[in-house]
Amino acid sequence: MSRITINLEYVLCLNQQGHFNYAIRSHRREGGSPRWVIDTSGAAVVWRLEKLTDGVPEVPGGGRDRVDRVDFYILQRDLKPLISTFPPAAAPADKTFKLPVTDSRGTERHAGKTVRPLVQIARYSGITSCHWENHRTPPFFAAVTTSAELHVDIELTPEKEYGAELPELHFGISGQYVVTGIAGGGASFVEIRMPHELYAQIVADLRWNLR
């Protein structure tokens with residue numbers, strides 16, 4: 001098996017450059033059905049985020065709100081039984097991709113969800129590219145970075161949405177994005193590429209922390 005599809009809890013894609021401010025936000029608790037496809041069949045491992053259906057322009061929030069990133073979340077109880085079914089890498093894990101972790105406390109954006117980390121798992125270099133396209137609501141665009149970092153941690157969900165604070169895995173990809181216009185229509189998506197050695201290290205770290 002070289003491919004798996006996983007149902008996600010929440011995906012948030014933000015691109016805010018100059019006066020341009022756009023977000024794609026898809027949350028299972030709000031009727032969304034975001035999913036994470038992992039494909040290890042090629043020369044690079046591809047992560048694809050799909051079913052991103054409710055992108056909307058947002059009012060720019062000032063200098064402290066300028067972020068360009070992709071974040072996706074899955075409840076720990078949902079991911080833990082799936083770890084053993086992740087498709088294998090074509091190369092061994094490489095710890096040289098690991099960077100010192102950073103403090104992610106605060107908010108995901110101005111007036112956004114409060115970030116409440118429980119466990120910092122790792123921060124990684126080596127993401128070959130993160131490419132996302134908005135085809136849903138004007139302005140239609142593609143945002144691409146080839147200098148991204150991946151941060152993985154375990155956070156707590158808001159109590160008001162779940163009836164209790166539940167641990168969830170957070171994957172955050174930040175970088176310097178280049179934005180270009182594209183045609184509308186079709187489905188919005190995110191595509192993340194990485195070497196097999198990096199993917200193998202991420203899976204090893206997830207298995208250790210979710211054991």
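Residues numbered from 1 in each chain as written. Predicted model: local features only at pLDDT ≥ 70, side-chain atom pairs only at ≥ 80, totals over all residues. Heavy atoms only, no water.

S.K.: Tell me about the overall build of the protein chain, and please be specific about residues and values.
M.R.: Regarding its fold elements, the protein chain presents 3 helices and 17 strands. Evaluated residue by residue, the protein chain yields a buried proportion of 48% over its 211 residues. Sequence separation of at least 24 residues holds for 76% of the intrachain contacts in the protein chain that already meet a minimum separation of 6. Working note: accessible area of the protein chain is about 9700 Å², and carbon and sulfur atoms make up 52% of it. (Helix = DSSP H or I, 4+ residues; strand = E, 2+ residues; numbered from the N terminus. Buried < 20%, exposed > 50% of the residue type's maximum accessible area, 1.4 Å probe, protein only. Contact = heavy atoms within 4.5 Å. Areas by Shrake-Rupley, 256 points an atom, 1.4 Å probe, with all protein chains shown as cover.)

S.K.: So, the packing of aromatic side chains: which residues are in play, and what are the values?
M.R.: For the structure on display, the rule yields 10 aromatic pairs. Grouping aromatic residues by their ring pairs yields a cluster made of W36, W47, F72, F86 and F171. The aromatic ring of F189 is capped on one face by R48, whose charged end is 4.2 Å from the ring centroid. Sitting above the plane of the W208 ring, R211 keeps its charged end 3.6 Å from the centroid. (Phe/Tyr/Trp six-rings, centres within 6.5 Å; stacked < 30°, edge-to-face > 60°. Lys NZ or Arg CZ within 6 Å of the ring centre and 35° of its normal.)

S.K.: So what's going on with the pattern of salt bridges? Residues and values would help.
M.R.: In the structure shown here, the tally under the stated rule is 10 salt bridges. The residue R29 makes a salt bridge to E9 at a minimum N-O spacing of 3.8 Å. Residue R29 is located in the loop between strand 3 (20–27) and strand 4 (35–39), and its partner E9 is located in the loop between strand 1 (3–7) and strand 2 (10–17); the two are separated by 20 residues in the primary sequence. Taking relative accessible area as the criterion, R29 reaches 47% and is therefore assigned partly exposed. Residue classification places E9 among the buried residues on the basis of a relative accessible area of 5%. By sharing partners, the salt bridges in this structure join R35, R48, E50, E191 and R193 into a single network. (Salt bridge = Lys/Arg side-chain N within 4 Å of Asp/Glu carboxyl O.)

S.K.: Lay out the nonpolar core in plain terms, naming residues and giving numbers.
M.R.: Counting 45 residues, the largest nonpolar core has W36, W47, F86, L169 and F171 as the members making the most contacts within it. Among the elements that line this core, the one with the most residues is helix 3 (residues 196–209), at 5 residues. Setting aside anything within four residues of it in sequence, one finds L169 in contact with F72, Y73, I74, Q76, L79, I121, V152, D153, I154, L206 and L210. By size, the runner-up hydrophobic cluster in this structure holds 5 residues, among which are Y10, L12, L14 and A23. (Core = buried A, V, L, I, M, F, W, Y, C linked by side-chain atoms within 4.5 Å.)

S.K.: Can you break down helix 3 residue by residue, with the values?
M.R.: In a regular helix each residue adds 1.5 Å, so 14 residues correspond to 20 Å; helix 3 covers 20 Å between its end C-alpha atoms and thus fits that length. Among the residues making up helix 3, those that are buried are H196, L198, Y199, A200, Q201, I202, V203, D205 and L206. (Expected span 1.5 Å × (residues − 1).)

S.K.: So what's going on with unusual backbone geometry? Which residues, and what values?
M.R.: Cis geometry marks the peptide bond from P138 to P139; its omega dihedral reads 5 degrees. Position of P139 relative to the elements: it lies in the loop between strand 12 (129–134) and strand 13 (141–145).

S.K.: Provide a residue-level description of the sheet that holds strand 4, including the pertinent values.
M.R.: Spatial ordering of the open sheet is given by 1-4-5-17-12-13-16, a layout of 7 strands whose pairing is antiparallel. Pairing within the sheet leaves two strands with one partner each, and these edge strands are strand 1 and strand 16 (178–181). Strand-to-strand twist in this sheet, taken as the mean axis angle between neighbours without regard to direction, amounts to 15 degrees. Strand direction decides the pairing type here: strand 1 and strand 4, joined by 5 bridges, are antiparallel. If you follow R3 over to strand 4, its bridge partner there is D39. (Pairing = 2+ DSSP bridges. Axes fitted to C-alpha atoms, helices over the stretch in contact; angles between N-to-C directions.)

S.K.: For the pairing of strand 17 (residues 188–194), give the residues involved together with the corresponding values.
M.R.: Among the 7 residues in strand 17, 6 count as buried, and that is most of the element. Examined bridge by bridge, strand 5 (residues 45–52) and strand 17 share 6 bridges and lie antiparallel to one another. Each bridged residue has a counterpart across the sheet, and for R48 the counterpart in strand 17 is E191.

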